[in-house]
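Below, each chain spelled out in residue letters.
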Amino acid sequence: MKEKRTQDHLIFKVSLLSISIFLMMAPAISPALPLMYHAFPGINQAGVETLATIPNIGIVIGLLISPFLIKIIGEKATILSGLILTLLAGTFPMYATAYTPILVSRFLIGAGIGLFNSLAVSLIPQFYGDDEEKLATMVGFQNVMGGLGAAVASFLISYLITISWHAAFAIYFLVIPAFILFTIFVPLPHAVKSNSKHNKDRQTINGKVILISVLMFLIFLFYMPVSFKLPALVVEEKLGNVSELSILTGILNLVSIPVGASFGFFFKKLHDKVFPIGFMIVAISFAIITFAPNFAILASGNLLLGIGFGLAVPYMYNWLDWSAPQNSVNLATTIVLVLVNVGCAVSPMILNAVTSNAKSVMLISTTFFVLFTIYAFAHYFRVHSVSSKKALE
């Protein structure tokens, strides 16, 4: 009987995917924000909400530093360094009380995640690039690991915030088992050279990559209020409490997992229609959340939002893969990730500059996604109109 390769062992797959758990965990502390509004004298609500989004700026820095660090210390050491930084910076607010050191620590947790953000994706082809079916399966699992991590964090926070807002940051102790698993079971040095040819090819971008990058910046700029403003909306409109919201967030993150995992099925059935339909669902969801009269309707809107976003965003990344110049997908992906994280980070600053009222901010996001849905339908019909004309020629 043929001996299993290292990458075919379950413990290896779990260890390799474990680092992806933290990719969406930075804003998971959002339910603790209402408890923090009065914890820092002299800091306004927008400043406190920045604690949920400043990690995205750190992620941008980490993404930019990562390639240079890899050349110096290698991929595995870069990932382990990122995990250590994530652990230390993530748990720091458990013991700190001053706003500025906590803000710096939140920036640093983003930098730590940024160091291994792109590697969490690019390592998979190194081990499974010779088997298309296994590669697709592992990429699918990698896509849902972030949602799983965010769900686990949300469930834990729903209990931890009943202790104190400091306790919410204990979720980052989850880094410890991932660090141990990756250290022991992922023999990365044996795979480092597999993509050396592609690394030497000069990478470029084109107009479509720029368009997609700008669109992704705007999408996440107006999507993020569902993270940092939803707790305030629940409190202001007396729809429930932050602990209930955290449990809801956990459930919704779990729902997003099968939606993301089944994107291939929906794309096979709907093809490019996924683009306008996905964003139409997002727009409807934001409208439901904005005008929800009770917690049940709010929960329904969030559930629908998870479905719509789970269809729309993977399509954007597929569009990026089709549009990027040959051998330039890595560069294109990095540019999109940078702009996505910048959009997430500046979202509270930009939207709070317009209004600090949670319902008004949600209404602004609703309006944007309605307009974006119109753009998506126009884009779909324009592209297919051109395709039909070419077919007739």
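Residues numbered from 1 in each chain as written. Predicted model: local features only at pLDDT ≥ 70, side-chain atom pairs only at ≥ 80, totals over all residues. Heavy atoms only, no water.

As recorded by an unreviewed UniProt entry, the protein chain carries the name Major facilitator superfamily transporter permease and is attributed to Lactobacillus kalixensis DSM 16043. Its UniProt record gives the protein chain the following Subcellular location (unreviewed entry) comment, quoted word for word: "Cell membrane". (UniProt positions renumbered as here; feature names shortened; annotations may be inferred.)

1. Focus: the overall build of the protein chain
Of the regular secondary structure elements, the protein chain holds 18 helices and zero strands. Relative to the 2.2 N^0.38 estimate, which gives 21 Å for 393 residues, the radius of gyration of the protein chain is 21 Å and therefore close to what a compact globule would have. Seen through its C-alpha atoms, the protein chain measures out along the principal axes to roughly 60 × 60 × 40 Å. For the protein chain, contacts bridging at least 24 residues in sequence account for 83% of all contacts bridging at least 6. For the protein chain, the accessible area works out to roughly 17,800 Å², and carbon and sulfur atoms hold 69% of it. Averaging the positions of the 22 positive and the 15 negative side-chain charges in the protein chain gives two centres separated by 4 Å. (Helix = DSSP H or I, 4+ residues; strand = E, 2+ residues; numbered from the N terminus. Rg over C-alpha atoms; globule rule 2.2 N^0.38 Å. Contact = heavy atoms within 4.5 Å. Areas by Shrake-Rupley, 256 points an atom, 1.4 Å probe, with all protein chains shown as cover. Lys, Arg positive; Asp, Glu negative; His and termini not counted. Charge placed at Lys NZ, Arg CZ, Asp CG, Glu CD.)

2. Remarks on the environment of Asn241
Counting through the fold element by element, Asn241 comes out in the loop between helix H12 (230–236) and helix H13 (242–261). Along the primary structure Asn241 and His38 are separated by 203 residues, whereas in three dimensions their C-alpha atoms are 17 Å apart.

3. Let's talk about the side chain of Ser20
Looking at the secondary structure, you find Ser20 in the loop between helix H1 (10–18) and helix H2 (33–36). Contact partners of Ser20, with chain neighbours within four places excluded, come to Ala120, Gln142, Met145 and Gly146.

4. Digging into the confidence of the model for the protein chain
Considering every residue of the protein chain, the mean pLDDT works out to 84; 91% of them sit at 70 or more. In the model, residues 190–199 has pLDDT below 50 throughout and makes seven contacts with residues more than four positions away in sequence or in other chains. (pLDDT = per-residue confidence, 0-100.)

5. Let's talk about unusual backbone geometry
Trans is the prevailing form of peptide bonds, just as negative phi is the prevailing case for residues other than glycine. You will see that Lys238, though not glycine, has its phi angle at about 55°, which is positive. Relative to the elements of secondary structure, Lys238 occurs in the loop between H12 and H13.

6. Here's the deal with the domain arrangement of the protein chain
Each domain of the protein chain was delimited in the assignment, giving domain 1 (1–190) and domain 2 (201–392). Using only C-alpha atoms to locate each centre, domain 1 and domain 2 end up separated by 21 Å. With 29 residues of domain 1 at the contact, the number on the domain 2 side is 30 residues. Counting the surface domain 1 buries against domain 2, the share from its top three residues, Glu49, Thr53 and Phe155, is 18%. Joining domain 1 to domain 2, the criterion identifies one salt bridge. Linking Lys229 and Glu49 is a salt bridge whose minimum nitrogen-to-oxygen distance equals 3.3 Å. Seen at the junction of domain 1 and domain 2, the total is five residue pairs in polar contact (both at pLDDT 80 or more). Among the elements of the structure, H2, helix H3 (45–53), helix H4 (55–73) and helix H7 (132–160) are those that each provide at least two residues to the side of domain 1 that touches domain 2. Among the elements that line the side of domain 1 that touches domain 2, the one with the most residues is H7, at nine residues. A class-by-class count of the residues in the side of domain 1 that touches domain 2 yields 18 nonpolar, 10 polar and one charged. (Domains from an automatic or database assignment. Buried area = accessible area lost by both parts, 1.4 Å probe. Salt bridge = Lys/Arg side-chain N within 4 Å of Asp/Glu carboxyl O. Polar contact = N/O pair within 3.5 Å; in protein donor to acceptor, adjacent residues only side chain to side chain. Nonpolar A, V, L, I, M, F, W, Y, C, P; charged D, E, K, R; others polar.)

7. Concerning the layout of surface pockets
Think of a ball as big as a water molecule: rolled over the atoms, this probe shows where empty space is left. Approximately 250 Å³ is the volume found for the second largest pocket. What lines the second largest pocket is a set of 15 residues, and nearest its centre among them are Lys208, Tyr315, Trp319, His379 and Val383. Looking at the lining of the second largest pocket, the elements that each hand over two or more residues are helix H10 (207–223), helix H16 (295–323) and helix H18 (358–392). Here the lining of the second largest pocket takes seven residues from H18, the largest share from any one element. Looking at the lining of the second largest pocket residue by residue, the classes come out as nine nonpolar, three polar and three charged. (1 Å grid on protein atoms, 1.4 Å probe; cavity = no way out; pocket = protein on both sides within 12 Å on 5 of 7 lines; lining within 4 Å. Points joined across faces, edges and corners; volume = space filled by probe spheres on them.)

8. Side note on a nonpolar patch on the surface
Taken together, the side chains of Ile11, Tyr95, Phe173, Ile176, Ile180, Ile184 and Phe185 present a nonpolar region at the surface, about 660 Å² in accessible area. Within the element layout of this structure, Ile180 appears in helix H8 (residues 175–185). For Ile180, a relative accessible area of 44% translates into the label partly exposed. (Patch = residues over 30% accessible without salt bridge, like charges linked within 9 Å, V, L, I, M, F, W, Y side chains within 5 Å. Buried < 20%, exposed > 50% of the residue type's maximum accessible area, 1.4 Å probe, protein only.)

9. A closer look at the nonpolar core
Counting 112 residues, the largest nonpolar core has Leu16 and Phe369 as the members making the most contacts within it. Three or more residues apiece are contributed to this core by two domains, here domain 1 (1–190) and domain 2 (201–392). With residues near it in sequence (within four places) discarded, Phe369 still touches Ile219, Phe222, Tyr223, Phe279, Val282, Ala283 and Phe286. (Core = buried A, V, L, I, M, F, W, Y, C linked by side-chain atoms within 4.5 Å.)

10. A word on the packing of aromatic side chains
Think of a pair of aromatic rings as described by two things: how far the centres are apart, and how the planes are tilted against each other in angle. Within the structure shown, the criterion is met by 21 aromatic pairs. For the pair Phe279 and Phe372, a centre-to-centre distance of 4.5 Å together with 55° between the ring planes defines the contact as tilted. With Phe279 in helix H15 (residues 274–290) and Phe372 in helix H18, the pair connects residues that are 93 residues apart, well separated along the chain. Both residues of the pair, Phe279 and Phe372, belong to the buried class. Between the aromatic rings of Phe286 and Phe369, the centroid separation amounts to 5.2 Å while the plane-to-plane angle is 15°, which identifies the pairing as stacked. You can see Phe286 sitting in helix H15 and its partner Phe369 sitting in helix H18, a full 83 residues away along the chain. Of the two residues, Phe286 and Phe369, neither departs from the other in class, the shared state being buried. (Phe/Tyr/Trp six-rings, centres within 6.5 Å; stacked < 30°, edge-to-face > 60°.)

11. With respect to H3
Buried residues dominate H3, accounting for seven of its nine residues. For H3, every residue scored as buried is listed here: Gly47, Val48, Glu49, Thr50, Leu51, Ala52 and Thr53.

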